[in-house]
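A closer look at the structure
Chain residues, written in single-letter form:
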There are 2 protein chains.
Amino acid sequence: MELEPGEKIEDLQNGYLIIQNPKYFSFGTDAILLADFADVSAGERVIDFGTGCGIIPILLCAKTKGIHVTGIEIQQALARMAGRSVAMNGLEKSIRIVCGDLKDISGIVPCGADVVAVNPPYEKTGSGKENVSEHVNIAKREVMCTLEDVVFSASRILRPGGRLYMIYRTERFAELMACMRRHKVEPKRIRLVVPKQDRPPNFALVEGRKGAGGGVAFLPSLVVCEQDGTYTQEVKKIYHIGEENTCCI
Amino acid sequence: MELEPGEKIEDLQNGYLIIQNPKYFSFGTDAILLADFADVSAGERVIDFGTGCGIIPILLCAKTKGIHVTGIEIQQALARMAGRSVAMNGLEKSIRIVCGDLKDISGIVPCGADVVAVNPPYEKTGSGKENVSEHVNIAKREVMCTLEDVVFSASRILRPGGRLYMIYRTERFAELMACMRRHKVEPKRIRLVVPKQDRPPNFALVEGRKGAGGGVAFLPSLVVCEQDGTYTQEVKKIYHIGEENTCCI
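The rules behind the values
The residue count restarts for each chain, going from 1 along the sequence in the order it is written. Following the order in which they are written, the chains are lettered starting with A and the ligands numbered starting with 1. This being a predicted model, a pLDDT of at least 70 is required before a residue's local features are given, and a value of 80 or more before pairs of side-chain atoms are given or counted; all residues contribute to the totals for chains, interfaces and linings. Side-chain numbers here rest on the full set of heavy atoms in the structure, without hydrogens or water. Each reported salt bridge corresponds to a side-chain nitrogen of Lys or Arg within 4 Å of a carboxyl oxygen of Asp or Glu. Categorising residues by exposure relies on relative accessible area from a 1.4 Å probe, with only protein chains included: less than 20% of the type maximum marks a residue as buried, more than 50% marks it as exposed, and the intermediate range marks it as partly exposed. We call two residues in contact when some of their heavy atoms are within 4.5 Å. The term buried area refers to how much accessible surface (probe radius 1.4 Å) is lost by two components on association, counted for both of them together. Two N or O atoms form a polar contact when they lie within 3.5 Å of each other; inside protein one atom must be a possible hydrogen donor and the other a possible acceptor, and for residues adjacent in sequence the pair counts only when both atoms belong to side chains. For this classification, the nonpolar set comprises Ala, Val, Leu, Ile, Met, Phe, Trp, Tyr, Cys and Pro, the charged set comprises Asp, Glu, Lys and Arg, and every other residue, Gly included, is treated as polar. Grouping buried Ala, Val, Leu, Ile, Met, Phe, Trp, Tyr and Cys residues that are joined through side-chain atoms within 4.5 Å yields what is termed a nonpolar core. The numbering of helices and of strands both runs from the N terminus, where a helix is a DSSP run of H or I of at least 4 residues and a strand a run of E of at least 2. The superposition of copies rests on a least-squares fit of C-alpha positions from residues with pLDDT of 70 or more in both. Centre distance within 6.5 Å is the pairing criterion for rings of Phe, Tyr and Trp, where only the six-membered ring of Trp is used; planes under 30 degrees apart are then read as stacked, over 60 as edge-to-face, and the remainder as tilted. A ring is considered to have a charge above it if a Lys NZ or an Arg CZ atom is located within 6 Å of its centre and within 35 degrees of its normal. When DSSP locates at least two bridges between a pair of strands, those strands are taken to pair. Crossover handedness is defined here as right-handed if the route from the first strand over the helix to the second strand goes clockwise, with the strands pointing away from the viewer.

Once that is clear, we can look at the pattern of salt bridges. Residue and element names in this part refer to chain A. Going through the model one piece at a time under the given rule, you end up with 30 salt bridges over all chains. Here R172 makes a salt bridge to E175, at a shortest N to O gap of 2.8 Å. When its relative accessible area of 15% is taken as the criterion, E175 is described as buried. Connected via shared salt-bridge partners are E44, D114, R159 and R163.

So, in C-alpha cells, the structure goes:
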C-alpha cells in the first residue's frame with residue numbers, strides 16, 4: 001500500500017490497521033467507545049454518518065462478521081483515505097465508503113437501514129478555538145451538519161425499529177433527547193461515560209429506536225480511568241491494550 | 001398537638017417533626033434528595049406541587065431561613081395534615097399549605113415564582129399494581145396530573161429565569177428532557193442517583209431554568225448505598241443520621 005505524504009499506519013490491536021493523517025481530525029476515544037457500544041448483528045446493513053478515516057466501519061466489522069457498512073464522508077480526500085484503509089484490511093466486501101452529504105442521505109443509500117452510527121460534530125459553529133484547519137472544523141463543529149440534520153437524516157434512512165447509535169457531549173444531552181424524540185427516534189438505552197469515578201459524565205452513548213414507544217434504560221456508567229490516570233480494565237479491553245497505556249479522554 | 005387516628009410523628013433529625021399516616025403515601029428518599037438538591041435563597045418564593053404531607057416545604061425551610069413556600073395538595077385531608085405539621089413546627093410564617101389542583105396554578109398563587117419544586121407521580125395510569133388505595137394511586141400515578149401538566153404549570157407560574165427542581169425516574173428521562181424544552185424550562189443541572197456504585201442510575205435530579213438557553217451541566221452521580229447496603233457518607237449527611245441506618249431506596 002502506497003501512503004501519501006504525511007500519512008502513517010496505526011495498528012488497531014484487533015488485527016486491523018488504519019491510515020491516519022495529522023492534517024485531518026484523528027479518531028479519538030469517543031469513536032472507539034461508540035463502536036463498542038453499538039450492537040450490530042450479522043446480516044444487518046449499517047450506515048456510518050461522517051465516517052472520517054473509516055474508523056467506525058472498520059471497528060464494527062472487526063467486532064461482528066457478516067455485516068455491511070456504508071461510510072458517508074463529505075470530504076473527498078478523507079473519503080479516499082478511508083477507502084484505502086478498507087482495501088488495506090481486505091474489507092471491500094463489507095465496507096463501502098461514499099463521498100457525500102448526509103443531508104442527502106436518501107439519494108445516496110436505499111432507505112430501510114438497520115443501523116445508523118454517528119460520532120457527530122459536538123460544537124456549534126462559532127464556539128471554541130477558531131484557529132483550526134477547515135478539516136478539523138468540519139469534524140468538530142456544525143459547519144456541514146447540525147444535530148438536527150444528523151437525527152433527521154438518521155430517522156429518514158432507518159427502517160421502523162432500526163437503531164441509531166450515537167456518542168455526544170453531555171453538555172448538549174437535553175437537546176439530543178428532545179431532538180431524537182421530535183424525529184421519532186426514541187432513546188432506549190443510554191450509557192454515560194465518566195472520565196474517572198466520582199466525576200461528572202462528559203459523554204453519553206445513546207441507542208435510539210425508530211418509531212419505538214417511550215421508556216429508556218440507563219446502563220451503569222462507563223468509567224474511563226482509574227484514580228491514578230491509567231485506563232480501567234473495561235476500557236483496556238475495549239482498546240485491546242495491555243497494562244502500560246495511560247489515559248487520554 | 002392532637003393527632004388523628006393512625007397518625008404518628010416522625011423526627012426529621014434536623015430539629016423538625018412531621019406527621020405521617022400510613023393510609024397516605026409516606027415520603028421517601030426521593031423527597032429528601034430533592035429537597036437537598038434544590039438550591040433556594042433567602043427571600044425567594046417557592047411553590048411545591050403536590051406537597052403531600054408537606055415534607056419538601058419543611059425540609060426547604062429547615063435548610064434555608066427566610067424563604068416562603070406554598071405547598072399545593074389536591075387531597076383535602078392530606079393538605080390539612082400537612083398544615084398541622086407546619087403548625088407543629090411553628091412554620092406558619094414561612095409555609096402556606098393550599099388545597100388545590102396544580103393544573104389551575106395561576107388561579108391559586110400569583111405568577112412570577114422564583115422556584116417550583118415537584119416530586120411528581122412517576123407512573124402512567126394503568127401501570128404497576130392496581131390493588132392500592134386511591135391516596136397511593138394519586139401519589140404514584142398520573143391520575144390527577146401528567147408529566148405534561150406538571151411542567152406546563154411550572155412554566156406558567158415561574159418568573160423568567162426561575163427554577164424548576166424535580167426528581168424523576170430515569171426510565172422516563174428522555175420524555176422529561178423533551179417536555180421541559182417544549183415548555184421553555186431548559187434543563188441546566190442534572191444529578192443522577194445510583195443505588196450503589198457500578199449500578200445504573202434509577203433517579204434523576206433536575207434543575208430547569210425558565211427561558212434559559214441550551215447547555216446542561218451534569219454533576220457527579222449521587223451514590224445512595226455502599227456495597228454492604230449501608231448509606232454512603234453523603235446520604236447520611238443529607239438524612240442527618242448516624243452510623244446505624246441501612247439502605248432503603
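Each side of the interface is counted separately: chain B has 21 residues, and chain A has 21 residues. The junction of chain B with chain A conceals about 1800 Å² of combined surface from both sides, 69% of it contributed by carbon and sulfur atoms. Three residues, A174, R181 and F218 of chain B, lead the burial of chain B against chain A; their summed loss comes to 27% of the area buried on that side. Linking chain B with chain A are zero salt bridges. Where chain B meets chain A, there are two residue pairs in polar contact (both at pLDDT 80 or more). Taken together, the residues of the side of chain B that touches chain A sort by class into twelve nonpolar, three polar and six charged.

So, on to the nonpolar core. The nonpolar side chains of soluble globular proteins are, as a tendency, buried together. Within the largest apolar cluster, 159 residues are counted, with the highest numbers of intra-cluster contacts made by F49 of chain A together with F49 of chain B. With residues up to four places along the chain from it excluded, the contact list for F49 of chain A reads I72, L102, I105, V116, A117, V118, N119, V150, S153, A154 and I157 of chain A.

Further remarks concern the environment of D48 of chain A. All names here are of chain A. In this structure, D48 sits in strand β3 (residues 45-49). We classify D48 as buried; its relative accessible area is 1%. Ignoring any residue separated from it by four or fewer positions in sequence, one finds D48 in contact with I56, P57, V69, T70, G71, I72, A117 and V118.

Here we take up the relation of the copies chain B and chain A. Mapping chain B onto chain A leaves a residual RMSD of 0.0 Å; the transformation is a rotation of 180° accompanied by 0.0 Å of translation along its axis. The transformation relating the two chain copies, once decomposed into turn and shift, fits a two-fold axis. Of the C-alpha atoms belonging to chain B, the one lying closest to the rotation axis is found on A178 of chain B, 2.1 Å away. Of all interface residues in chain B, 100% are interface residues in chain A too; the two copies therefore contact each other through one and the same surface.

A few words now on the packing of aromatic side chains. Here the structure, examined in full by the defined rule, presents eleven aromatic pairs over all chains. Geometrically, the ring pair formed by F37 of chain B and Y165 of chain B is edge-to-face, given 5.9 Å between the ring centres and 85° between the ring planes. Here Y165 of chain B lies in strand β7 (residues 158-169) and F37 of chain B lies in helix α1 (residues 29-37), a separation of 128 residues in the sequence. What makes F37 of chain B buried here is its relative accessible area of 7%. When its relative accessible area of 1% is taken as the criterion, Y165 of chain B is described as buried. Put simply, the rings of F173 and F218 of chain A together with F173 and F218 of chain B touch in pairs and so form one group of aromatic residues. Geometry around F37 of chain B places R189 of chain B over its ring, the cationic atom sitting 4.5 Å from the centre.

Residues and elements named next belong to chain A. Counting buried positions over the six residues of strand β4 (residues 68-73) gives five, a clear majority of the element. With five bridges connecting them, β3 and β4 associate as parallel partners. From the neighbouring strand, R45 faces β4, where its bridge partner is H68. After leaving β3, the chain enters helix α2 (residues 55-63) and then returns to the sheet as β4, a path that is right-handed. One ladder, built from five bridges, connects β4 with strand β5 (residues 95-99); its direction is parallel. Among the inter-strand pairings, E73 is bridged to a residue of β5, identified as C99. Regarding the hand of the β-α-β motif, the stretch spanning β4, helix α3 (residues 76-88) and β5 is right-handed.

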